[in-house]
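# A closer look at the structure
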Amino acid sequence: MALSDFYASNSNYKTRLILNSRDSKDDVVGAAAAALDLIKNVEVQAIIGPQSSMQANFVIDLGEKAQVPIISFSATSPSLTSLRSSYFFQVAQDDSSQVKAISAIIQAYGWREVVPIYIDNEYGQGIIPFLIDALQNVDARVPYRSAIPSSASDDQIGQELYKLMTMQTRVFIVHMSTNLSSRLFTKAKEIGMMSEGYVWIITSGMTNSIRFIESSAHNSMQGVLGVKTYVPNTKELENFTVRWKRKFHQDNPTILNVELNVIGLWAYDAVSALARAVEIVGTTNFGFEKTDASSNLTDLETFGVSLNGPKLREALWGTRFRGLSGEFSLDNGQLQSSTFQIINVNGNGEREIAFWTPENGLVRKLNSTNTSTYSTSRYNLGPIIWPGDSSSVPKGWEIPTNGKKLRIGVPVKDGFREFVKVTHDPSTNTTRPTGYCIEIFETVMRKLPYAVSYEYIPYAKPNGEIAGTYDEMVYQVYLGNFDAVVGDTTIIANRSNFVDFTLPYTESGVSMIVPIKDSERKNAWVFLKPLTWDLWITSGCFFVFIGFVIWVLEHRINEEFRGPPSHEIGTSLWYSFSTMVFAQRETVVSNLARFVVIVWVFVVLILTQSYTASLASLLTVQQLQPTVTDVNQLIKSGEYVGYLQGSFVLGILKGMGFDEMKLKVYNSTEECDELLSKGSANGGIAAAIDEIPYMKLFLRNYCSKYTMLESIYKTDGFGFVFPIGSPLVSDVSRAILNVTEGEKMKQIEKAWLGEQTNCPDSSTQVSSGGLSLASFWGLFLIAGSASLSALIISVSMFLYKERHKILVRFDSERSIWRRVRHTFRIFDGKDHNSHTFRKRAPQDIIGIDSVHGIGASDHPSPNNNYLPSPSSCSVHIEPHFDFSNSGTPPREYCHPNPNGHSFQLAQAIELIDHPNQEEPRIPEIAHENC
């Protein structure tokens, strides 16, 4: 039909193909003999065939030798392309093109283990390397390969299926011929492997011919998924299908309900492609070049070489057209991959559930979106009826049904038995593990949605002692001696190279336990501890600064801040420091000074209260300090350090640089306490380093003597151990989350590790530092801003008020320094306009009238009845500021008159140098009644 259709539509072609058929009888030798006959005797220009991949191997070699193109429309094994024959054309989809579609299904449902079942020949073995690579790319492993011989009996098939039933994996990919697969599924249904929980996926070699399978075998395949070559439906295909069925029924009237599959379409397109190539090459050089014949040559050495073969090969490579199966294009002699259908065998036929394309992955409908994103989402697949008429997605694995229990290894410990304790019953000769880790594991297993049978096997010698380290116990899972390990097993990187861990169920990290001491209250300088040095210095500086500011603000208007320099300095400092206890007696009269004092008293109040509280805490609350704060301190000082026997911590300590001679082993909390109590100098240890769960258990009993420092090494806590790729890991990890987030975890901890004690938390036992400047810089900022503002205002007012006296003219020589001295002399004098002096003016007048003259008698006058004044004083003159050798202004101060009966008048003479006069001005005489 292909030739008649082709030449009917291309009647102008000058060439015609003549078919010479040979029957290979489905035999490899028969196919080779037929090919040899066609090449040697008929001298054909091309061979369409062979039918199977096994037959193709030898025929391809013959075509390469004779330069005759071999065109196969049904040999799909990927291994045929490895022969690298330029005269072989695979006008069919390579089996390796479907492995990505299969892996997309595996990834969509999250299955982690897959077992391929394939026919043990060239066709079955060719796809396996490509399939395994594709599965590994989606994190699925192949724990076993089931190869079934093509000549296997039903009993042999049954034995292999029973073997698969004993394994955990329940996802199978079947790649074999239609006849063998029919027998396989019939046997699988018979022994119960087509029930709920199983997943069966068949390749395109079976799916493309599924309609030719007998009904009995078809009924056994209910729920199977398949990958089928997609052929777009066109009018040409529909017309050809109708004509082909009509002609087939004419030639085979006894055969009913026949269907045309994609292999027939590939055959049709292969003939069309060859006819096009021959027309391009033409009819010249159709002969063969004969080889030299000799009497001892075999038939394989006597056939010739086609003269037209190279040109026909080039023409086939460039042939492109739209055939019945879709776009026809050969790339390196292979038909290009296209779209696959995902089908679900259901009822009497199959149901389309999705498509797979190299660009978009799994899609529900073709051309439904324009997105180029590759997807493997299960939601892009339609509803599936799984084996056992189930709509629930199988998890892909089950506990074996042969009664085998999981062998759970448990450690045997001498100490810290709260985590794992193995007891032996001599009467029954059985062992029973208990403890925190065991109860968590059993609780987790009860949370699984399915039952798991297991038995505990102690990792111990015949005498009951531990058989090795934890690393060696974990390695037994890798060796297959244990199916899992349950105990206080830490998740660390080097162990994960051989096994898989579940999520952790305890805290993580390695920490250090050290003794604690309380020496703060015995320190003679403990009163300095509440404040840090920077706060002490800042406070002292501010006390001096505030005293200076108050002196500046009060000096000109307040008698209490006047006097000799030593007196003024003392008064200022005394006033500032006395605010600490609010004992200042001096009265401030300036509003600016009062403002500064109010702000400063508030600051002092906060400081003193904070200091009092901190000091009281130091003296009354127990301040515990660790004897060691850094692990490097132990290494430098060569102290002895302890670790738990069999723990991986030994390797960590060696890696940190500890001398192995300085490492001591302990087996229990009691032994650890004994070593720590002795100390490193007395045959004990200075610190114990181990995992946080052990350290916390130790502190529950000895928290008053020791403290735990921060983690010095990061680990992931305790986890359960399973073989790499075990499907139990993900389910057990989810169950661990459910347990650790609930109340059950607290109950288990309380039962095995005890209740939380009243001991203070280890993180708070270590005394914190004193109060620092960072906590009070805001207060000092406020006080400083207020003081500077008051100082600036006061100086500005002084300069403005005394501007006429300050801005006198001086000679240019040394005028600046003299003006400064002059300003200071003015500032050092009293401000007689201040209200503090004006209110005393009447008393001054009375005092002057009662004086007879300068140098009057100190005795009381008989004409007055005044009592001796308690404030009577004599005025003396004393130099104050030594600005230069001349012109030194005198200072006035008074001391009480010892007689107290009369007033003595003193003259304060202020000499002012005038820049324009050599002679001094008339002195100003001020009479003051002091």
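A short tour of the structure in this document, coming up.

How each quantity is defined
Per-chain numbering applies: the sequence of each chain, read as written, is numbered from 1 onward. Residue-level local features of this predicted model are given only where pLDDT is at least 70; pairs of side-chain atoms are given and counted only at 80 or more, and the full residue set underlies all totals for whole chains, interfaces and linings. Each side-chain value is worked out from all heavy atoms of the structure, with water and hydrogens disregarded. Helix and strand definitions here come from DSSP, where helices need a minimum of 4 consecutive H or I residues and strands a minimum of 2 consecutive E residues; each element is numbered from the N-terminal end. Partly exposed describes any residue whose relative accessible area lies between the buried limit of under 20% and the exposed limit of over 50%, with all areas from a 1.4 Å probe on protein chains only and scaled to the type maximum. The contact criterion used throughout is that any non-hydrogen atoms of two residues lie within 4.5 Å. Only the protein chains shown count as covering a residue, and every accessible area follows the Shrake-Rupley method with a 1.4 Å probe. Two strands qualify as a pair provided DSSP detects at least 2 bridges between them. The path from the first strand over the helix to the second decides the hand: if it runs clockwise while the strands point away from the viewer, the crossover is right-handed. Two rings from Phe, Tyr or Trp (for Trp, the six-membered ring) form a pair when their centres sit within 6.5 Å of each other. Planes less than 30 degrees apart are called stacked, planes more than 60 degrees apart edge-to-face, and all others tilted. Any Lys NZ or Arg CZ that is within 6 Å of a ring centre and within 35 degrees of that ring's normal is treated as a charge sitting over the ring. Every axis corresponds to a line fitted to the C-alpha atoms, with the helix fit spanning only the stretch in contact, and the corresponding angles, defined between N-to-C directions, vary from 0 to 180 degrees. One speaks of a salt bridge when a side-chain nitrogen belonging to Lys or Arg is within 4 Å of a carboxyl oxygen belonging to Asp or Glu. Angles below 35 degrees are treated as roughly parallel, those above 145 as roughly antiparallel, those between 65 and 115 as roughly perpendicular, and all remaining angles as oblique. What makes a crossing left-handed is the near helix being turned counterclockwise from the far one by less than a right angle; a clockwise turn instead makes it right-handed. For this classification, the nonpolar set comprises Ala, Val, Leu, Ile, Met, Phe, Trp, Tyr, Cys and Pro, the charged set comprises Asp, Glu, Lys and Arg, and every other residue, Gly included, is treated as polar. For this analysis, a polar contact is any N or O atom pair within 3.5 Å, provided that within protein one partner can donate a hydrogen and the other can accept it, and provided that sequence-adjacent residues contribute only side-chain to side-chain pairs. Here, the term nonpolar core denotes a set of buried Ala, Val, Leu, Ile, Met, Phe, Trp, Tyr and Cys residues that are joined through side-chain atoms within 4.5 Å. What goes into a patch is any residue over 30% in relative accessible area without a salt bridge, connected to like charges within 9 Å or, for nonpolar side chains (Val, Leu, Ile, Met, Phe, Trp, Tyr), within 5 Å. To estimate the expected span of a helix, subtract one from its residue number and multiply by 1.5 Å.

If you tally the helices and strands in the chain, you get 30 helices and 33 strands. Per-residue burial over the chain gives 46% buried out of 930 residues. Within the chain, residue pairs in contact and separated by at least 24 positions form 69% of the contacts whose partners lie at least 6 positions apart. For the chain, the exposed surface amounts to about 47,800 Å²; the carbon and sulfur share of it is 53%.

A few words now on the pairing of strand β4 (residues 115-119). In terms of residue burial, β4 counts as a mostly covered element, since five of its five residues are buried. Alternating positions in β4 separate into two faces, V115, I117 and I119 on one and P116 and Y118 on the other, with burial throughout. One ladder, built from four bridges, connects β4 with strand β6 (residues 171-175); its direction is parallel. Looking at β6, one finds that P116 is bridged to I173. As paired elements, β4 and strand β5 (residues 146-148) share three bridges and run parallel to each other. Residue pairing across strands places I119 opposite I148, the latter belonging to β5. With respect to chirality, the unit in which β4 leads through helix α5 (residues 122-137) into the neighbouring parallel β5 is right-handed.

Next up on the list: the packing of aromatic side chains. In the structure shown here, the tally under the stated rule is 39 aromatic pairs. Ring geometry for F416 versus Y666: centroids 6.5 Å apart, planes at 50°, classification tilted. One end of the pair, F416, is in the loop between β17 (406-411) and β18 (421-425); the other, Y666, is in strand β26 (residues 663-666), and 250 residues separate them in sequence. The class for Y666 is buried, based on a relative accessible area of 0%. Put simply, the rings of F416, F419, Y436, F441, Y454, Y456, Y505, Y666, Y694, F718 and F720 touch in pairs and so form one group of aromatic residues. Sitting over the ring of F321, R276 keeps its end group 4.5 Å from the ring centre.

Taken together, eight strands build an open sheet; the order of strands is β5-β4-β6-β7-β8-β14-β15-β16 and the sheet is mixed. In this open sheet, the two strands that pair with only one neighbour each are β5 and β16 (361-363). Each strand of the sheet is rotated relative to its neighbour by a mean of 25°, with strand direction disregarded. The sheet contacts of α5 involve β4 and β6, and relative to β4 the element is tilted by about 155°.

If you walk through the whole model with that rule in mind, you get 23 salt bridges. Linking R211 and E350 is a salt bridge whose minimum nitrogen-to-oxygen distance equals 3.6 Å. Here R211 is found in the loop between α8 (204-207) and α9 (215-219), whereas its partner E350 is found in strand β15 (residues 349-357), with 139 residues between them in sequence. Given a relative accessible area of 22%, E350 falls into the partly exposed group. Salt-bridge contacts for K696 lead to E507; the nearest nitrogen and oxygen are separated by 2.4 Å. With K696 in helix α22 (residues 692-702) and E507 in the loop between β22 (499-501) and β23 (510-517), this pair connects stretches of sequence that are 189 residues apart.

Think of two packed helices as two axes; the pair is described by the angle between the axes and how far apart they sit. Taken N-terminus to C-terminus, the directions of helix α4 (residues 99-109) and α5 make an angle of 40°; their axes are 9 Å apart at the nearest point. It follows from the interaxial angle that α4 and α5 lie oblique. Note that α4 runs across α5; the crossing there is right-handed. Contact with α4, carried on its side by V99, I102, S103 and I106, involves I127, F130, L131, A134 and L135 of α5 and no other residues of that element. Its residues placed into classes, the contact of α4 with α5 shows eight nonpolar, one polar and no charged.

Here T319 shows up in the loop between α13 (309-317) and β11 (320-323). Among the polar contacts listed, one links the side chain of T319 to the backbone oxygen of A315, at a separation of 2.7 Å. Residues contacting T319, with those up to four places away along its chain left out, are A273, R276, A277, F328, S329 and L330.

Relative to the helices and strands, L573 is located in helix α17 (residues 565-578). Along the primary structure L573 and G547 are separated by 26 residues, whereas in three dimensions their C-alpha atoms are 5.3 Å apart.

Time to look at unusual backbone geometry. Here the amide bond leading from G49 into P50 is cis, since omega sits at 0°, within 30 degrees of zero. A positive phi angle, close to 55°, is found at Q67, a residue other than glycine. Positionally, Q67 belongs in the loop between α3 (53-66) and β2 (70-72). By relative accessible area, which is 26% here, Q67 ends up partly exposed.

Before going further, it helps to examine the nonpolar core. Membership of the largest hydrophobic core comes to 62 residues, with the highest contact counts inside it found for F419, Y436, I513, F720, L728 and V732. In terms of residue count, the dominant contributor to this core is helix α14 (residues 436-447) (seven residues). Apart from the residues lying within four places of it in its own chain, the contact partners of F419 are T434, G435, Y436, C437, I438, D488, P693, Y694, L697, F718 and L753.

A cluster of nonpolar side chains, contributed by W525, F527, L528, W533, W536 and I537, occupies part of the molecular surface with about 690 Å² of accessible area. Judged by relative accessible area, which is 37%, L528 ranks as partly exposed.

In this structure, T506 sits in the loop between β22 and β23. One polar contact links the side chain of T506 to the main-chain amide nitrogen of F718, over a distance of 2.9 Å. Not counting residues up to four positions away in its chain, the partners in contact with T506 are Y436, P693, G717 and F718.

Moving on, we get to helix α18 (residues 591-620). With 30 residues, α18 ought to run about 44 Å at 1.5 Å a step, and its terminal C-alpha atoms sit 43 Å apart, in line with that. Buried within α18 are the following residues: A593, V596, V597, V599, W600, V603, V604, L607, S614, L615 and L618. Of the surrounding secondary structure, the elements contacted by the buried residues of α18 are α16 (533-554), α17 and α26 (777-801). The residue sitting at the N-terminus of α18 and contributing the capping side-chain oxygen is S590; that oxygen lies 3.3 Å from the backbone nitrogen of L592.

Another point: the pairing of β15. As defined by bridge partners, strand β14 (residues 340-346) adjoins β15 across seven bridges and the pair is classed as antiparallel. Within β15, the residue paired with N344 across the bridge is R351. The antiparallel pairing of β14 with β15 creates a hairpin that spans two residues between the two strands, and G347 there sits at a positive phi of about 70°. Relative to β16, β15 runs antiparallel, the two being bridged by three bridges. Pairing of W356 across the sheet is with L362, part of β16. In sequence, β15 turns back onto β16 through a hairpin of three residues.

The next subject is the packing of α16 against α26. Axis separation between α16 and α26 bottoms out at 10 Å; the angle between their running directions is 20°. Classed by the angle they form, the pair α16 and α26 counts as roughly parallel. In the packing of α16 onto α26, the handedness of the crossing is left-handed. For the pair formed by α16 and α26, the contact residues are L535, T538, S539, F542, F545, I546, F548, V549, V552 and L553 on the first element and F780, A783, G784, S787, L788, A790, L791 and S794 on the second.

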